[in-house]
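Residue-level listing of the chains:
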Amino acid sequence: MPKRAQPRVSKTAGQEAIERIVQRRREVRDPQLAALEGDDPLEHPLAVIRHVLTYRRVPDWVTSNDVLDALWILGYVRLYCPHRPDEVERLEYELLELGCAMQIAMIRMAEPLNLRSRQAVEHRLLRHRASRLGLGRSERLERAHRLSKAPTQSNSAEARWYDRHALPLWETAGQLVASRSQFDHLIDDELVEALLGLRRAVREMQWPLSPACYSTLREIGWWVKEIVDSLEEARYAAFREQLGELHSVAAALAAGHHRARFGDT
């Protein structure tokens, strides 16, 4: 697992985030704000975060902006304030879950966490979920646990898709994994992490095809889609060009697998 990205938050930025939350709450007349202001919020940054998570009877725009500022405050706390790491981890998880519930784009939550992409934020969230399930801090373990709970009826659209496309999906995934060593200079640690996740899933696939394999195929399909989606970013343009037809084939398989699992949504 890669090392956690360290936050890059100045004291000024952290304190300004606290002030923005307090000011927003004043504007909408948060009835619980008086208790928070009784103690200097600048001296109790974690109390500000707990307030955001606890008192949500405010307009959605307030909560959404508060979540983003609270993530900046967490970075400030990690660098400059005494704290219990387990509490900070718990608050980060709760903020990310609240952010998802408020439909905040994950890329907007990336900068306060010193992450560079939506996928990196999602992986952080999945690691939190895995830890809470007692699985260890691994997004792969959380995903495998979740996928194993999905239905595996042999007559489902997903099963029919596997009958025709499981082998091409697996072979294409293997080719994507192999491309890493050939074009390593064109990719970064984030994409390497996704390719390593795909490699693990490819190696776990067992033949012949049976419903027992569906959870592994789901993980392969998930990783392929993650990689294909990432390749749309400008920073991977050269790598995408080198993949050529392989990129097109992977994109088509990922789209077909997604439709088979979730319909046309």
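What you see as residue numbers is a count from 1 along each chain, following the sequence as written. pLDDT decides what is reported in this predicted model: residues at 70 or higher carry local features, side-chain atom pairs at 80 or more are listed and counted, and totals for whole chains, interfaces and linings draw on all residues regardless. The side-chain figures draw on all heavy atoms in the structure; neither hydrogens nor water molecules are used.

Asks: Run through the overall build of the chain, naming residues and quoting values.
Replies: Helix and strand assignments come from DSSP, with helices taken as H or I runs of at least 4 residues and strands as E runs of at least 2, each series counted from the N terminus. Broken down by element type, the chain carries 13 helices and 0 strands. Three exposure classes are used, based on accessible area relative to the maximum for each residue type with a 1.4 Å probe and protein chains only: buried under 20%, partly exposed in between, and exposed over 50%. The buried share of the chain, reckoned over its 265 residues, is 47%. Taking the contacts inside the chain whose residues are at least 6 apart along the sequence as the reference set, 69% of them involve residues at least 24 apart. Carbon together with sulfur atoms contributes 49% to the accessible area of the chain, which is approximately 13700 Å² in total. Contacts were defined at the residue level, with two residues in contact if any of their heavy atoms lie within 4.5 Å. Values of accessible area rely on a 1.4 Å probe in the Shrake-Rupley scheme; residue burial ignores everything except the protein chains shown.

Asks: Which residues make up helix 10 (residues 189-204), and what values go with them?
Replies: In this model, helix 10 (16 residues) spans 23 Å end to end at C-alpha, consistent with the 22 Å of a helix rising 1.5 Å per residue. Every buried residue of helix 10 is accounted for by Glu-190, Leu-191, Val-192, Glu-193, Ala-194, Leu-195, Gly-197, Leu-198, Ala-201 and Val-202. Take the number of residues in a helix, subtract one, and multiply by 1.5 Å to get its expected span.

Asks: An account of the environment of Ala-250 is needed here, citing residue identities and associated values.
Replies: In this structure, Ala-250 sits in helix 13 (residues 245-262). Remark: the alpha-carbon pair of Ala-250 and Gly-221, spanning 29 residues in sequence, is separated by 9.5 Å. Beyond its immediate sequence surroundings of up to four residues, Ala-250 is in contact with Thr-172, Leu-176, Val-224 and Val-228.

Asks: I'd like a description of empty space enclosed by the protein, backed by residues and values.
Replies: Using a 1 Å grid laid over the protein atoms alone, points where a 1.4 Å probe fits but cannot get out form a cavity; open sets with protein on both sides within 12 Å along at least 5 of 7 lines form a pocket; any residue with an atom within 4 Å of a point counts as lining. Grid points are joined across faces, edges and corners, and a volume is the space filled by probe spheres set on the points. The final tally for this structure, using the stated rule, is 2 cavities of 30 Å³ or more. As for the largest cavity, its lining consists of Gln-119, His-123, Glu-190, Leu-191, Ala-194, Trp-223, Glu-226, Ile-227, Ser-230 and Tyr-236. Elements with a minimum of two residues in the lining of the largest cavity: helix 7 (118-132), helix 10 and helix 11 (214-230). Broken down by element, the residue count for the lining of the largest cavity peaks at 4 residues, all from helix 11. When residues are grouped by polarity, Ala, Val, Leu, Ile, Met, Phe, Trp, Tyr, Cys and Pro land in nonpolar, Asp, Glu, Lys and Arg in charged, and all others, Gly among them, in polar. Taken together, the residues that form the lining of the largest cavity break down as 5 nonpolar, 3 polar and 2 charged.

Asks: So what's going on with the packing of aromatic side chains? Residues and values would help.
Replies: Pairing of aromatic rings covers Phe, Tyr and the six-membered ring of Trp, with a centre-to-centre limit of 6.5 Å; geometry is then stacked below 30 degrees between planes, edge-to-face above 60, and tilted otherwise. Counted by the stated rule, this structure contains 6 aromatic pairs. For the pair Tyr-76 and Tyr-80, a centre-to-centre distance of 5.8 Å together with 45° between the ring planes defines the contact as tilted. Here Tyr-76 and its partner Tyr-80 are both found in helix 4 (residues 60-80), 4 residues apart, which amounts to about one turn of the helix. The class for Tyr-76 is buried, based on a relative accessible area of 5%. A relative accessible area of 37% means that Tyr-80 is categorised as partly exposed. With a centroid separation of 6.2 Å and an interplanar angle of 65°, the aromatic rings of Phe-183 and Phe-239 are classed as edge-to-face. Pair noted here: Phe-183 is in the loop between helix 9 (157-182) and helix 10 and Phe-239 is in helix 12 (residues 237-243), with a separation of 56 residues, a long-range link. Accessibility classification places Phe-183 together with Phe-239 in one group, the buried group.

Asks: Describe the pattern of salt bridges, and please don't skip the residues or the numbers.
Replies: Salt bridges are defined by distance alone: a side-chain nitrogen of Lys or Arg within 4 Å of a carboxyl oxygen of Asp or Glu. Summed over all chains, the structure comprises 24 salt bridges. A salt bridge links Glu-190 to Arg-235, with the nearest nitrogen and oxygen atoms 3.3 Å apart. Residue Glu-190 is found in helix 10, and its partner Arg-235 is found in the loop between helix 11 and helix 12; the two are separated by 45 residues along the sequence. Since its relative accessible area comes to 16%, Glu-190 is described here as buried. Residues joined in a network through salt bridges with shared partners are Arg-20, Arg-24, Arg-25, Asp-30, Asp-66 and Asp-69.

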